[in-house]
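Each chain, letter by letter, is given below.
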Amino acid sequence: MQIDLARTLYATPPTGVILISTLDDNQRNNIAPFAWWIVVSKEPPLIALSIKASTNTYRIIKATGEFTIGVPDPQLLDTVYGSAKLDREPDEFKKLGLTALPAVKVNSPRIKECQVNIECRYHNEIQCGDHMLVVGEAVAVDVREDIVHDDDSIMRANLTPLGHLTKNKFITMKGSILKASEDLTGKD
Ligand SMILES: Cc1cc2nc3c(=O)[nH]c(=O)nc-3n(C[C@H](O)[C@H](O)[C@H](O)COP(=O)(O)O)c2cc1C
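A few points on the structure. Bear in mind that the values here come from a model prediction, so they are computed numbers and not experimental data. (Residues numbered from 1 in each chain as written. Predicted model: local features only at pLDDT ≥ 70, side-chain atom pairs only at ≥ 80, totals over all residues.)

This part is about the sheet that holds strand 3 (residues 37-41). Within the open sheet, the seven strands sit side by side as 2-1-5-8-9-4-3. Their pairing is antiparallel. The outermost strands of the open sheet, each flanked by one partner alone, are strand 2 (29-34) and strand 3. Mean inter-strand twist for the sheet, computed between neighbouring axes without regard to direction, equals 35 degrees. Note: strand 5 (residues 66-71) against strand 8 (residues 116-128), six bridges, orientation antiparallel. Across the sheet, valine 71 pairs through a bridge with valine 116, a residue of strand 8. In this fold helix 1 (residues 56-64) packs onto strand 1 (18-23), strand 2, strand 4 (46-51), strand 5, strand 8 and strand 9 (131-143), with an angle of close to 50 degrees to the strand it touches most, strand 1. (Pairing = 2+ DSSP bridges. Helix = DSSP H or I, 4+ residues; strand = E, 2+ residues; numbered from the N terminus. Axes fitted to C-alpha atoms, helices over the stretch in contact; angles between N-to-C directions. Contact = placed C-beta atoms within 7 Å.)

Glancing now at the site of the ligand. With respect to spatial proximity, 17 residues lie near the ligand, and among them Ala32, Trp36, Thr55, Asn56 and Thr57 are the closest. When residues of the shell around the ligand are traced back to their parent elements, those giving at least two are strand 2, strand 4 and helix 1. Ranked by residue count, the leading element in the shell around the ligand is strand 2, at four residues. Grouping the constituent residues of the shell around the ligand by class yields nine nonpolar, seven polar and one charged. (Near = placed C-beta within 6 Å. Nonpolar A, V, L, I, M, F, W, Y, C, P; charged D, E, K, R; others polar.)

Laid out in structure tokens, this is it:
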């Protein structure tokens, strides 16, 4: 059945929500949720984010060249959603009840309550319709102890991502591991 093109997004599978932490030149932190993002290169590790140019996140990334991606648990749902509504606050970590941890390679803090924190440096960007596709290079990655596993498939399965459906509706993304009959090792 054909649907209206304006609903294209809602015919695609939900993507995992992230929080982007940035620190501006006046040492004020900013946190906002984003759902349109994807890994686009393995070597070097590049992550592309689709961000509106009008956001503080975009302006700070452009000014500082740095940002940190946090992967929140579903328990942080109201915090995640609430972070989208914040006006520019003096300390957004405090306002959201989150804990800032110093990052290893960049100035934008890590979020202690997140399962994973990926520190990124700005790589390049492309204008895409009404959003900017901002590509960052991962320069340090921190994963919570209970998630780390020698087997990458299990490590990934240990994550409990929060998918965004629309507006204030989300979906949990935890499932069981399925194995295809053939192993095309090296062809991931
Ligand atoms: C779950 C969720 C996902 C979102 N995903 C995106 C996104 O991928 N790109 C975007 O530009 N805005 C997205 N937004 C909207 C931004 O979070 C919103 O514009 C926010 O106010 C930006 O904050 P900032 O100005 O502090 O950067 C999303 C909002 C929510 C609640």
